[in-house]
Amino acid sequence: MDFDRFFQSQLQRLHDDGSYRVFADLERKQGLYPLATRHAANGSNDVTVWCSNDYLGMGQHPKVLAAMKAAIECCGAGSGGTRNISGTSHYHVALERELAELHGKDSALLFTSGYVANWATLGTLGARIPGLIIFSDASNHASMIEGIRYAGCAKAIWRHNDLRDLEAKLAAANPTSPKLIAFESVYSMDGDIAPIKEICDLADKYGAMTYLDEVHAVGVYGPRGGGIAEREGLMERLTVIEGTLAKAFGVMGGYIAASRQLCDFVRSFASGFIFTTSLPPSLAAGAIASIQHLKTNSSERVRHQESVRRIRVQLNRYGLPHLENPSHIVPFIVGDAAKCKWISDILLEDFHVYLQPINYPTVPKGTERLRITPNPTHSEADITHLVNALRSLWSNCALARGVA
Ligand code: PMP
């Protein structure tokens, strides 16, 4: 078999429907976020980034950078091993303490990413708790789906955010089987928020554990950045809170926060924890600085919400098609992969706006979108520039479709 020919033919299908992904060569400008330098064949220029998950700009915060530099000075670059064999530093231990405190839990456990945290934890619980049934929201992230698949345990997929469907599935299950309900707080693509309290009520009624992915909410919501569960006073009702250090905290890594016994169990049995090199100490140091800053300062959160409000006002003023939701994620729905790519390419080339398309399988076909993520540092002029560019491109798309 000519493998390269096979690979190319598969890739051609992505080219044909406009969903082939191309990397932009961008360099963030220190201290000037959300500006970045784009390096292209025909030269370099500045672009405004509108699709970063560094929601609060903490990846450029002076306290975070100083903490990382200091940790590199003292500990060097890499961690030197897995957590069990030379890869645990003072910073890893201190970060786990910080995260446990943030979420009001006894313990926390670090992973190399949020993806690995979900995959390893759900995979381990599902594989090792005899008879466990995992009740998984239909819109859960790929990392949770893969973890459940890897576990090979029984599962029931309930309709997204649909409490009646969840209850019907819980009621239909064997009452003596152990159960776990896995869901997210802020869903990353539509920006809607789960009814956490009601899900916890159902969990109590049917004796289930709860597993909440707060990846898109930690740092951003709650008086100390503890997420939606903190904002709603529900942290203690959740069995496991999972999060990332790579979005609002601006660094990299993932974690769970839970009881001492649950964290110890995952620590002791999860291959995705045991058999991989731990995060560099400098990342852990940066994450501590970021979390501590956001625990005691709300100004990034306040300015962030203000940017979100201002862009929604402008999109509404011109009737541009975005999803209304109660979060900071502003999905501009285009509904076609090729049109999405066309808009995104022209935004970059002609308007110097970096806003990447989101295609299938990340979102269902026909709902392809530009996922706008405002930042506290976007100015009113940045917002007006983006909205004017979208107005012009969207009316061209409408003309192309023959829509008035
Ligand atoms: N959970 C959700 C809901 C996510 O959207 C993502 C990543 N986008 C992850 C987990 C994985 O987090 P990380 O990027 O830290 O691997």
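Residues numbered from 1 in each chain as written. Predicted model: local features only at pLDDT ≥ 70, side-chain atom pairs only at ≥ 80, totals over all residues. Heavy atoms only, no water.

An unreviewed UniProt entry lists the protein chain under the name 5-aminolevulinate synthase, with Rhizobium tubonense as the source organism. The UniProt entry for the protein chain carries the following text under Pathway (unreviewed entry): "Porphyrin-containing compound metabolism; protoporphyrin-IX biosynthesis; 5-aminolevulinate from glycine: step 1/1." In its Catalytic activity (unreviewed entry) section, UniProt records this for the protein chain: "succinyl-CoA + glycine + H(+) = 5-aminolevulinate + CO2 + CoA". (UniProt positions renumbered as here; feature names shortened; annotations may be inferred.)

A. Representation of the site of the ligand in the model. The ligand sits among 13 residues. The nearest are G114, Y115, D213, H216 and T244. Contacts to the ligand include H216, whose side-chain N or O atom sits 2.6 Å from an oxygen atom. At 2.6 Å from an oxygen atom of the ligand is found a side-chain nitrogen or oxygen belonging to T244. Here the ligand has 390 Å² of accessible area as a free molecule, and 83% of this is covered by the chains. Among the elements that make up the shell around the ligand, the one with the highest residue count is helix α4 (residues 114-128) (3 residues). (Near = heavy atom within 4 Å. Polar contact = N/O pair within 3.5 Å; in protein donor to acceptor, adjacent residues only side chain to side chain. Areas by Shrake-Rupley, 256 points an atom, 1.4 Å probe, with all protein chains shown as cover. Helix = DSSP H or I, 4+ residues; strand = E, 2+ residues; numbered from the N terminus.)

B. Structural view of the pairing of strand β2 (residues 35-40). Pairing of strand β1 (residues 26-28) with β2, which is carried by 3 bridges, proceeds in the antiparallel orientation. Bridge pairing in β2 places L26 opposite R38. In textbook terms, the turn of a hairpin is the stretch between consecutive antiparallel strands, and for β1 and β2 this stretch comprises 6 residues, one of which, G31, has a positive phi near 80°. One ladder, built from 6 bridges, connects β2 with strand β3 (residues 43-49); its direction is antiparallel. Note that in β3 the partner of T37 across the bridge is D46. Linking two consecutive strands that pair antiparallel, namely β2 and β3, is a turn of 2 residues. (Pairing = 2+ DSSP bridges.)

C. Structural context of the packing of α4 against helix α9 (residues 260-269). Contact pair α4 / α9: the axes reach a minimum separation of 10 Å and the direction vectors enclose 90°. Considered as vectors, α4 and α9 are oriented roughly perpendicular to each other. The residues of α9 that touch α4, namely those facing T121, T124, L125 and R128, are F265, V266 and F269. (Axes fitted to C-alpha atoms, helices over the stretch in contact; angles between N-to-C directions. Parallel < 35°, antiparallel > 145°, perpendicular 65-115°, else oblique. Contact = heavy atoms within 4.5 Å.)

D. Broad picture of the UniProt feature "domain: Aminotransferase class I/classII large" (unreviewed entry) in the protein chain. The positions that UniProt labels "domain: Aminotransferase class I/classII large" (unreviewed entry) are, in the present scheme, residues 46-390. Counted over residues 46-390, helix gives 44% and strand 15%. Its end C-alpha atoms are 19 Å apart.

E. Molecular detail of the sheet that holds strand β9 (residues 240-244). Read across the sheet, 7 strands follow the order β4-β10-β9-β8-β7-β5-β6 without closing on themselves; strand pairing throughout is mixed. On the outer flanks of this sheet lie β4 (107-111) and β6 (154-158), each paired with one strand and no other. The average angle at which neighbouring strand axes cross in this sheet is 20°, direction not considered. Sheet topology note: the strand β7 (residues 179-184)/strand β8 (residues 208-213) ladder contains 6 bridges and is parallel. Across the sheet, the residue bridging to L180 is M209, located in β8.

F. Local environment of the sheet that holds β1. As summarised here, the arrangement of the 4 strands in space is β1-β2-β3-β12, forming an open sheet in which the pairing is mixed. The two strands at the open ends of the sheet, each matched to only one other strand, are β1 and β12 (353-354).

G. The arrangement of the pattern of salt bridges in detail. One pass over the structure, following the stated rule, counts 23 salt bridges. When the shortest N-O distance is used, the salt bridge between D201 and K197 registers 2.8 Å. Here D201 pairs with K197, and both are found in helix α7 (residues 196-206), just 4 residues apart, close to one helical turn. Using a relative accessible area of 31% as the deciding quantity, one classes D201 as partly exposed. Here R267 ties to D264 by a salt bridge, and the two come within 3.0 Å at their closest N and O atoms. Note that R267 and D264 are positioned in helix α9 at a spacing of 3 residues, about one turn of the helix. Among the residues examined, R267 registers a relative accessible area of 36% and is labelled partly exposed. Judged by relative accessible area, which is 33%, D264 ranks as partly exposed. Taken together, the shared-partner salt bridges connect E98, E101, R224, E230 and K295 into one network. (Salt bridge = Lys/Arg side-chain N within 4 Å of Asp/Glu carboxyl O. Buried < 20%, exposed > 50% of the residue type's maximum accessible area, 1.4 Å probe, protein only.)

H. Spotlight on the nonpolar core. Counting residues in hydrophobic clusters, the biggest one holds 58 residues, and the most contacted among them are L95, F135, I181, F183, I196 and L245. The residues contacting L245, other than those within four sequence positions of it, are L95, L99, L110, G250, V251, M252, G253, Y255, A287 and I291. Of all hydrophobic cores here, the second largest spans 30 residues; its members include V334, L347, L390 and L393. (Core = buried A, V, L, I, M, F, W, Y, C linked by side-chain atoms within 4.5 Å.)

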